[in-house]
Amino acid sequence: MALRELATAVQAHPRLTVVILGVVAAVAWVARARHKASREADLPFLRFEDGDDSRQRYATDSGTLFKIGYDRYLKHGQAFKMRNYIGELSPQVYLPLKYLDEVKTAPQAKLSVPYYSVLHFSQNWTGMAKQTDEATHVIRTDLVRNQPFLYPGLEAERAAVIDEKLPRTREWQSVNPYPIFAYVMARLAAKTTGSAELARNDEWLGIMIGVTQKSMAAAHALRESWPWWTRWLARHVFPPVKEVFADRKRAAEILRPILEERVAALHAPADEKIEKPNDGIQWLIEYYHARGFGARLTPELLAQDELFFAIASIHSSTAILLSILYDLIDERHAQSKAEVIDEIEAVQKEFGSWSRQSVSKLVKLDSFMKESGRLNYVAHARVSRVAMVPYTFKDGLHIPQGTMIQLLHSGIQHDGNFFEDPETFDPWRFLKKRKEGDPNKFQFASLSNIETQFGAGFHACPARNYATDVIKLILVYLLTKYDIKYDGDTQRRPPDFAHDNATLPNLATQILYRERSVPVS
C-alpha cells in the first residue's frame, strides 16, 4: 500500500519529488563527506606531486608512490596515508614493519580481515566476498590433514588436463598461457575443494574461473555510475551485478544433486558400505553435521563456500605460476633452469612418483620460486585489515574506525637492510640461507615478518603449502615434458602489469611450446 501511495505521489508532483530527492541526496552526501573526513588518520598524506593526482593515476601507478612512501616514511618507522583507489572511502593507511606483530594478534572485532574483502568486493552489493567461518575452517584443518593422500589423484589430474590443453606436437605452437593455466588451476582446485564430477564439468569451471573478475568488474562499474545510497537496488536491475548473482544461483543448482546424494549417503544404514569421497564437499558436509547443524548447509551456502575457495585460489595461484614460468624461460636464467631440471630428474629417479616427501626434495626449484616471487610479487601489500572500531596501537598511533590499514610487502623486498644486493635475481639466495641456517625456514611457503607473500598471523593463507605443491607439480610437468620459450624477438620476461595495489605478470604474453626433445619419463 505504501509503495502504491508513493508512486501516486510521484506521478502527481514530479517536480516536487525531484526537489525532495535532490535535497535528501545532498544531505546524505554532506553527511557522508563529513563522516569520511572525521575518520581520516592524522598522518602524512602522500600524493603525486607532478600535477596528475587523478584517480586513474592511482589505478595504474600506485607502485611509484609505494616506493616513495617506503623510502620516506615506512623505512624510518613512520606510517603514512594515501588516496584509496576506491575513491569514496577514507584514505588507506600504510604501516611500518614495527606494527606487524600487533596487527597479527589484534582480534577480528577490532582489525578485520574479512571486512577488508567486503569493502573491496561486496560493499557495492555484489555479495561475493563474504568469507564464511566454515569454509576457512575446512581449509585450515581438512585440506591440511588430507594433503598427503591427495597426491596420486592430483598427479594424474595434472597430467590429463595439461595434455588436454597443450597437446603434444613436434612443431612449435604459439599460445597465451594465462587462460590455459587458469583452467588447469580451476580443474585441480575443483577436484580437491569440490568433487571429481565438478572437475570435469566445464560449466562449473567457467563459473569458478569467472567469479573473481566478474565480481571485481561489477564492483568497479557500480562505483563509477551508482551513488552509494542506491546500490541496494543493483542486484535487481544492474546487469553486471545481476550476472554475478545469476552465476551464484546456477552454482547452487549444479551443487544441489551432489549435496543431496552425499547427505543421503551420510545417513545410510550402517551395514551399507558406501565409499566416502575425500574432497571439499565431503569435508564441509561432515563439518556441519558433526556440529549438529547439517540443515544449514543448503546448496546456496555450499555455493558461497565454493565460490570463496575460487576467489581465494584460482587467479592468485595462476598469476604466481605464470610469473615463475616467465622467469624460468628468461634467457638470463637458462643455467638455473637447467639445474632445476637436473634436480627434478634426480628426485624423480629416486622416488618414482610424486608425494609430499619427494616434492619437498626440490630445494632448487623452491629457492628459484621464492626469488622469483621476491622480485615479482603479485601485490604490493599482503597484510590488510579494516579498523572495526577506533584502534590505538601501543605507541599511541590512532586509527579511526572504518580505516583500511595495510603493510607493504614490496618495499622490504628491495631493501638492502633485509636482502643483500636486493635488485639482483639470485636463484639460490634462499637455498643458501637454508643451508647456512634452519633448513625448515626460507621456503616458498614460509612466513615471517619479512616473508608476507601469503599474509601474516592467523589469517595467512591456510592452503599455502598445498598451493605451493600444486604449482611445483605443474612446473615439473611443464619443464620435463615440453620445450617452452617466448614467442617474439626477445627471450626476456616482459614488464609486469600494475593495477592499484596489484602487480601481475603480463597476461597477454604469447609463448611457444613443443614436446620436449629429451622427455623425462
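Since the structure is predicted, the reported quantities are computational estimates derived from the model, not experimental observations.

Calculation criteria
Residues numbered from 1 in each chain as written. Predicted model: local features only at pLDDT ≥ 70, side-chain atom pairs only at ≥ 80, totals over all residues. Heavy atoms only, no water. Helix = DSSP H or I, 4+ residues; strand = E, 2+ residues; numbered from the N terminus. Buried < 20%, exposed > 50% of the residue type's maximum accessible area, 1.4 Å probe, protein only. Contact = heavy atoms within 4.5 Å. Areas by Shrake-Rupley, 256 points an atom, 1.4 Å probe, with all protein chains shown as cover. Phe/Tyr/Trp six-rings, centres within 6.5 Å; stacked < 30°, edge-to-face > 60°. Patch = residues over 30% accessible without salt bridge, like charges linked within 9 Å, V, L, I, M, F, W, Y side chains within 5 Å. Salt bridge = Lys/Arg side-chain N within 4 Å of Asp/Glu carboxyl O. Pairing = 2+ DSSP bridges. Axes fitted to C-alpha atoms, helices over the stretch in contact; angles between N-to-C directions. Parallel < 35°, antiparallel > 145°, perpendicular 65-115°, else oblique. Nonpolar A, V, L, I, M, F, W, Y, C, P; charged D, E, K, R; others polar. Core = buried A, V, L, I, M, F, W, Y, C linked by side-chain atoms within 4.5 Å.

When you go through the protein chain residue by residue, the secondary structure sums to 19 helices and 13 strands. Across the 521 residues in the protein chain, those meeting the buried criterion constitute 51%. Restricting to contacts in the protein chain with at least 6 residues of sequence separation, those with at least 24 account for 73%. Carbon and sulfur atoms form 56% of the exposed surface of the protein chain, whose accessible area is close to 24,500 Å².

Looking now at the packing of aromatic side chains. Each aromatic ring pair is described using two quantities: the centre-to-centre distance and the angle formed by the ring planes. All told, the structure shown has 16 aromatic pairs when counted by the stated rule. Ring centres 5.5 Å apart and planes at 20° place the aromatic pair Phe80 and Tyr94 in the stacked group. Here Tyr94 lies in strand 3 (residues 92-95) and Phe80 lies in strand 2 (residues 80-82), a separation of 14 residues in the sequence. For the pair Phe80 and Tyr94, one class covers both residues: buried. The interplanar angle of 50° and the centroid separation of 5.8 Å between the aromatic rings of Tyr326 and Tyr486 together place this pair among those described as tilted. Pair noted here: Tyr326 is in helix 13 (residues 299-328) and Tyr486 is in strand 10 (residues 482-486), with a separation of 160 residues, a long-range link. Comparing Tyr326 with Tyr486, the two get one shared label, buried.

So, on to a nonpolar patch on the surface. On the surface, a cluster of nonpolar side chains totalling about 290 Å² of accessible area is made up of Trp232, Leu233 and Val237. In this fold, Trp232 is placed in the loop between helix 9 (202-225) and helix 10 (234-237).

With that settled, consider the pairing of strand 9 (residues 404-408). Among the 5 residues in strand 9, 5 count as buried, and that is most of the element. Every second residue of strand 9 is oriented toward a common face, with Met404, Gln406 and Leu408 on one face and Ile405 and Leu407 on the other, all of them buried. As paired elements, strand 3 and strand 9 share 3 bridges and run parallel to each other. By the bridge assignment, Leu95 is partnered in strand 9 with Leu407.

This brings us to the packing of helix 7 (residues 177-194) against helix 12 (residues 280-290). Helix 12 packs onto helix 7 with a crossing angle of 30° between their chain directions and a minimal axis gap of 5 Å. Taken together, the axes of helix 7 and helix 12 are roughly parallel relative to one another. Contacts from Thr192, Thr193 and Gly194 of helix 7 reach helix 12 at Gly280, Ile281 and Trp283. Across the contact of helix 7 with helix 12, the residue classes tally to 2 nonpolar, 4 polar and no charged.

With that settled, consider the nonpolar core. One finds Ile162, Trp204, Ile474 and Leu475 to be the most contacted residues of the largest nonpolar core, which totals 93 residues. Looking at this core, the element that brings in the most residues is helix 13, giving 17 residues. With residues up to four places along the chain from it excluded, the contact list for Ile474 reads Arg158, Ile162, Val184, Met185, Leu188 and Leu321. Counting 19 residues, the second largest nonpolar core, distinct from the first, contains Leu43, Ala106, Leu397 and Ala456.

Attention now moves to the pairing of strand 13 (residues 511-515). As paired strands, strand 5 (residues 173-175) and strand 13 are joined by 3 bridges and run antiparallel to one another. The residue bridging Gln173 from the neighbouring strand is Tyr513, located in strand 13. In this sheet, strand 13 lies alongside strand 10 in antiparallel orientation, the contact comprising 5 bridges. Each bridged residue has a counterpart across the sheet, and for Tyr482 the counterpart in strand 13 is Glu515.

What follows deals with the sheet that holds strand 4 (residues 111-112). Strand order in the open sheet formed by 6 strands is 1-2-3-9-6-4, with mixed pairing between adjacent strands. Of all the strands in the sheet, just strand 1 (45-46) and strand 4 have a single pairing partner and so form its edges. For strand 2 and strand 3, the ladder comprises 3 bridges, and the chain directions are antiparallel. Opposite Phe80, over in strand 3, you have Tyr94 as the bridge partner. In the packing of helix 3 (residues 55-72) onto the sheet, the strands contacted are strand 1, strand 2, strand 3 and strand 9, and the crossing angle to strand 2 comes to about 165°.

Here 3 strands make up an open sheet; going across it, the order is 5-13-10 and the pairing antiparallel. Where the open sheet ends on each side, the last strands, each with one partner, are strand 5 and strand 10. When the angles between neighbouring strand axes are averaged without regard to direction, this sheet yields 30°.

Our next topic: the packing of helix 14 (residues 334-351) against helix 16 (residues 363-375). Following both chains from N to C, one finds helix 14 and helix 16 inclined at 145°, their axes separated by 8 Å at the closest point. In this structure, helix 14 contributes Ser336, Glu339, Val340 and Glu343 to the contact, and helix 16 contributes Val363, Lys364, Leu365 and Phe368. Classifying every residue of the contact of helix 14 with helix 16 gives 4 nonpolar, 1 polar and 3 charged.

This part covers unusual backbone geometry. Backbone geometry at Phe442 places phi at a positive 60°, although glycine is not the residue there. The residue Phe442 is located in the loop between helix 18 (429-436) and helix 19 (464-481) in this model. In this structure, Asp500 takes a positive phi of about 55° despite not being glycine. Locating Asp500 in the fold gives a position in the loop between strand 11 (497-499) and strand 12 (502-504). The buried category is assigned to Asp500, whose relative accessible area is 11%.

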